[in-house]
Amino acid sequence: MKHLIDHARSFPQLAARRPEEWSRLAEGQSPHALFITCSDSRVIPSLITGARPGELFELRTAGNIVPRHGGSRPAGEAATIEYAVEVLGVADIVVCGHSHCGAVGAMLRGEDLTAVPAVRDWLGHATPLPDGTDSTAPDIAEAVQSHVLDQLDRLRGYPCVAARLADGRLGLHGWFYEIHTGSVLAHQPHADAFRAL
């Protein structure tokens, strides 16, 4: 924790080198995209995309799960999606899964999660992975990519997303980040495949 605290203490000096940037950020935000990804500490959206402060609105959940719209109780995830689309007017939403994902791996292998009931219940919100999904690959790429596409389908079920997709004001993108190589693959709908950006 010490190195994190030391950086937090020295950050004001770094910010002081670009006072105009921080002043602009204090006036409000207008991010380019909503970036939905896993809570995994190895996935750092701004590092992957090169985004500067204010350019990405982030939603991080275990396994980058997007709950279905219209659940029985309020969900922070739904509020974040609605705010990004309706208030901030983001032009794009990216759902970014990643290799070696513990959440998708647990679903794929049917792991016993009784010791972590909140995790078990959260993963229960996910659509079961298709039968025959390869569970032997260490990066579980096929399973994660299928899961990303399911989250994109769930986003289409949000009225605010559907309306902006219909009038061309919003784009949806499925990405797959390879932790072991740093590569990012994007889903190409015409080929129905994930290809290098």
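The structure we're discussing is the one just above.
Residues numbered from 1 in each chain as written. Predicted model: local features only at pLDDT ≥ 70, side-chain atom pairs only at ≥ 80, totals over all residues. Heavy atoms only, no water.

Draft legend 1. Region of the structure containing the overall build of the chain. Broken down by element type, the chain carries eight helices and six strands. Since a compact globule built from 197 residues should have a radius of gyration of about 16 Å, the 18 Å found for the chain is in line with a globular shape. Along the three orthogonal principal directions, the C-alpha set of the chain runs to about 55 × 45 × 35 Å. Burial status across the chain gives 40% buried among its 197 residues. For the chain, the accessible surface area stands at approximately 10900 Å², while carbon and sulfur atoms represent 55% of it. Side-chain charges of the chain comprise 17 positive and 23 negative groups, with the mean position of each set lying 6 Å from the other. (Helix = DSSP H or I, 4+ residues; strand = E, 2+ residues; numbered from the N terminus. Rg over C-alpha atoms; globule rule 2.2 N^0.38 Å. Buried < 20%, exposed > 50% of the residue type's maximum accessible area, 1.4 Å probe, protein only. Areas by Shrake-Rupley, 256 points an atom, 1.4 Å probe, with all protein chains shown as cover. Lys, Arg positive; Asp, Glu negative; His and termini not counted. Charge placed at Lys NZ, Arg CZ, Asp CG, Glu CD.)

Draft legend 2. The arrangement of the packing of helix H4 (residues 76–87) against helix H8 (residues 159–166) in detail. Interhelical geometry of H4 versus H8 gives an angle of 35° and a closest axis separation of 9 Å. Where H4 crosses over H8, the handedness of that crossing is left-handed. In contact with Ile81, Glu82, Val85 and Glu86 of H4, H8 contributes Cys160, Val161 and Arg164. Of the residues assigned to the contact of H4 with H8, the class counts are four nonpolar, no polar and three charged. (Axes fitted to C-alpha atoms, helices over the stretch in contact; angles between N-to-C directions. Left-handed = near helix turned anticlockwise from the far one by under 90°. Contact = heavy atoms within 4.5 Å. Nonpolar A, V, L, I, M, F, W, Y, C, P; charged D, E, K, R; others polar.)

Draft legend 3. A look at helix H5 (residues 102–109). Residues Ala103, Val104, Gly105, Ala106 and Leu108 constitute the buried set of H5. At its buried positions, H5 is contacted by helix H6 (117–123) and helix H7 (141–156). A positive backbone phi angle near 60° is found at Gly110, which sits one or two residues after H5.

Draft legend 4. The arrangement of a nonpolar patch on the surface in detail. Where nonpolar side chains cluster on the molecular surface, the patch consists of Met1, Leu4 and Ile5 and spans about 320 Å² of accessible area. Inspection of the secondary structure assignment puts Met1 in the segment before helix H1 (2–16). (Patch = residues over 30% accessible without salt bridge, like charges linked within 9 Å, V, L, I, M, F, W, Y side chains within 5 Å. Salt bridge = Lys/Arg side-chain N within 4 Å of Asp/Glu carboxyl O.)

Draft legend 5. Geometry of the packing of aromatic side chains. Taken as a whole and assessed by the stated rule, the structure comprises three aromatic pairs. A ring pair is formed by Phe35 and Trp175, whose centres lie 5.8 Å apart and whose planes are at 80°; its orientation type is edge-to-face. Here Phe35, found in strand S1 (residues 33–38), pairs with Trp175, found in strand S4 (residues 171–177); they are 140 residues apart in sequence, far enough to count as distant. Considered together, Phe35 and Trp175 belong to a single accessibility category, that of buried residues. The interplanar angle of 35° and the centroid separation of 6.0 Å between the aromatic rings of Phe57 and Tyr83 together place this pair among those described as tilted. (Phe/Tyr/Trp six-rings, centres within 6.5 Å; stacked < 30°, edge-to-face > 60°.)

Draft legend 6. Representation of the environment of His69 within the structure. Relative to the assigned elements, His69 resides in the loop between strand S2 (56–61) and H4. Note: C-alpha distance between His69 and Pro159 (90 residues apart in sequence) is 8.3 Å. In contact with His69, other than residues within four places in its own chain, are Gly157, Tyr158 and Pro159.

Draft legend 7. Expanded view of unusual backbone geometry. We note that Asn64 has phi near 45°; this positive angle belongs to a residue other than glycine. Position of Asn64 relative to the elements: it lies in the loop between S2 and H4.

Draft legend 8. Molecular detail of the sheet that holds S2. Spatially, S2-S1-S3-S4-S5-S6 is the arrangement adopted by the six strands of the open sheet, whose pairing is mixed. The strands lining the two open edges of the sheet, one partner per strand, are S2 and strand S6 (193–196). The sheet shows a mean angle of 30° between the axes of neighbouring strands, taken without regard to direction. Of the strand pairs in this sheet, S1 and strand S3 (residues 92–98) are connected by five bridges, and their pairing is parallel. Bridge assignment links Leu34 to a residue of S3, and that residue is Ile93. Where H4 meets the sheet, its contacts fall on S1, S2 and S3, and the angle it forms with S2 comes to roughly 165°. (Pairing = 2+ DSSP bridges.)

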